[in-house]
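This is what each chain is made of:
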Amino acid sequence: TMGQGVPTRSGLSLEEAHARFKPREWRQLAAVFDRIADVPPSKPGNSPRLSLRAFRSEVIGPYFVPSYVAFRLMEGLGAVKEQNRLIITKAAFLRAMGVLLKGSREEKLGLAFAVYSESSASSLSREDILGVLKLMQTSSLRSIIHRHGSRVRVADAMLKAAGGANGA
């Protein structure tokens, strides 16, 4: 398929991702995708694709993850809108696995940034950090929020610690 070699949100071309795996591992990843893909090929000769529903049930698993979190995660992994539904192609899935399973720390952080950033800006905004905090509903986060007084103050403290915006 055209464009499979071009780096995407994962930062890797398909060829770069392929080079990170042993042949057997690559075949296994491709076979896993083929097994869980639930959207038929858009054209003859193309691979099937993975829908948001299948991504939630087959990739994320039985853990409760809100739809908007799964949606943002899929977008970060290289999903595209097709006929009013979000899908991941086999090539995008394999490129993302190249980063998630065999990537450097910087590549993994870049992918995480792509998932958490609401915009295409080169930095996380206060709103992005607030969104992340809303996703992290853990007891340790609750104690941090309690200590700082609100999610907004936690986001401001995070931005200040990172040398970012002044929290205005």
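Anyway, here's the lowdown on the structure attached to this text. (Residues numbered from 1 in each chain as written. Predicted model: local features only at pLDDT ≥ 70, side-chain atom pairs only at ≥ 80, totals over all residues. Heavy atoms only, no water.)

## Here we look at the overall build of the protein chain
For step 1, the next point in the chain: When you go through the protein chain residue by residue, the secondary structure sums to nine helices and three strands.
For step 2, the next point in the chain: Its helices and strands in sequence order give the protein chain the pattern α-α-β-α-α-β-β-α-α-α-α-α, from N to C terminus.
For step 3, the next point in the chain: Evaluated residue by residue, the protein chain yields a buried proportion of 35% over its 168 residues.
For step 4, the next point in the chain: Considering only residue pairs separated by 6 or more positions, the protein chain has 46% of its internal contacts joining residues 24 or more positions apart.
For step 5, the next point in the chain: Carbon and sulfur atoms make up 56% of the accessible area of the protein chain, which totals about 10,400 Å². (Helix = DSSP H or I, 4+ residues; strand = E, 2+ residues; numbered from the N terminus. Buried < 20%, exposed > 50% of the residue type's maximum accessible area, 1.4 Å probe, protein only. Contact = heavy atoms within 4.5 Å. Areas by Shrake-Rupley, 256 points an atom, 1.4 Å probe, with all protein chains shown as cover.)

## What about the environment of Arg 49?
For step 1, the next point in the chain: Looking at the secondary structure, you find Arg 49 in the loop between helix 2 (23-36) and strand 1 (50-51).
For step 2, the next point in the chain: Residue classification places Arg 49 among the buried residues on the basis of a relative accessible area of 6%.
For step 3, the next point in the chain: C-alpha separation for the pair Arg 49 and Ala 37, spaced twelve residues apart in sequence, amounts to 5.2 Å.
For step 4, the next point in the chain: Contact partners of Arg 49, with chain neighbours within four places excluded, come to Phe 33, Ala 37, Asp 38, Val 39, Pro 40, Pro 41, Ser 42, Glu 82, Ile 87, Ile 88 and Thr 89.
For step 5, the next point in the chain: Of note is the side chain of Arg 49, whose polar atom sits 2.7 Å from the backbone oxygen of Pro 40. (Polar contact = N/O pair within 3.5 Å; in protein donor to acceptor, adjacent residues only side chain to side chain.)

## Some words on the packing of helix 3 (residues 52-60) against helix 4 (residues 67-76)
For step 1, the next point in the chain: Between helix 3 and helix 4, the least distance of the axes is 10 Å, while the angle of their chain directions is 90°. Relative to helix 4, the element helix 3 lies roughly perpendicular. Residue-level contacts link Leu 52, Phe 55, Arg 56 and Ile 60 of helix 3 to Ser 67, Ala 70, Phe 71, Leu 73 and Met 74 of helix 4.
For step 2, the next point in the chain: Residue composition of the contact of helix 3 with helix 4, by class: seven nonpolar, one polar and one charged. (Axes fitted to C-alpha atoms, helices over the stretch in contact; angles between N-to-C directions. Parallel < 35°, antiparallel > 145°, perpendicular 65-115°, else oblique. Nonpolar A, V, L, I, M, F, W, Y, C, P; charged D, E, K, R; others polar.)

## Concerning the sheet that holds strand 2 (residues 80-82)
For step 1, the next point in the chain: The three strands lie next to each other as 1-3-2, forming an open sheet whose pairing is antiparallel. If you trace the sheet from one side to the other, it starts and ends with strand 1 and strand 2, each paired once.
For step 2, the next point in the chain: When strand 2 meets strand 3 (residues 85-88), the two strands line up antiparallel, connected through three bridges. Within the sheet, the bridge partner assigned to Val 80 lies in strand 3 and is Ile 87.
For step 3, the next point in the chain: Against the sheet, helix 4 contacts strand 1, strand 2 and strand 3, and its axis sits at roughly 45° relative to strand 3. (Pairing = 2+ DSSP bridges.)

The values reported here are purely geometric and, on their own, carry no functional implication.
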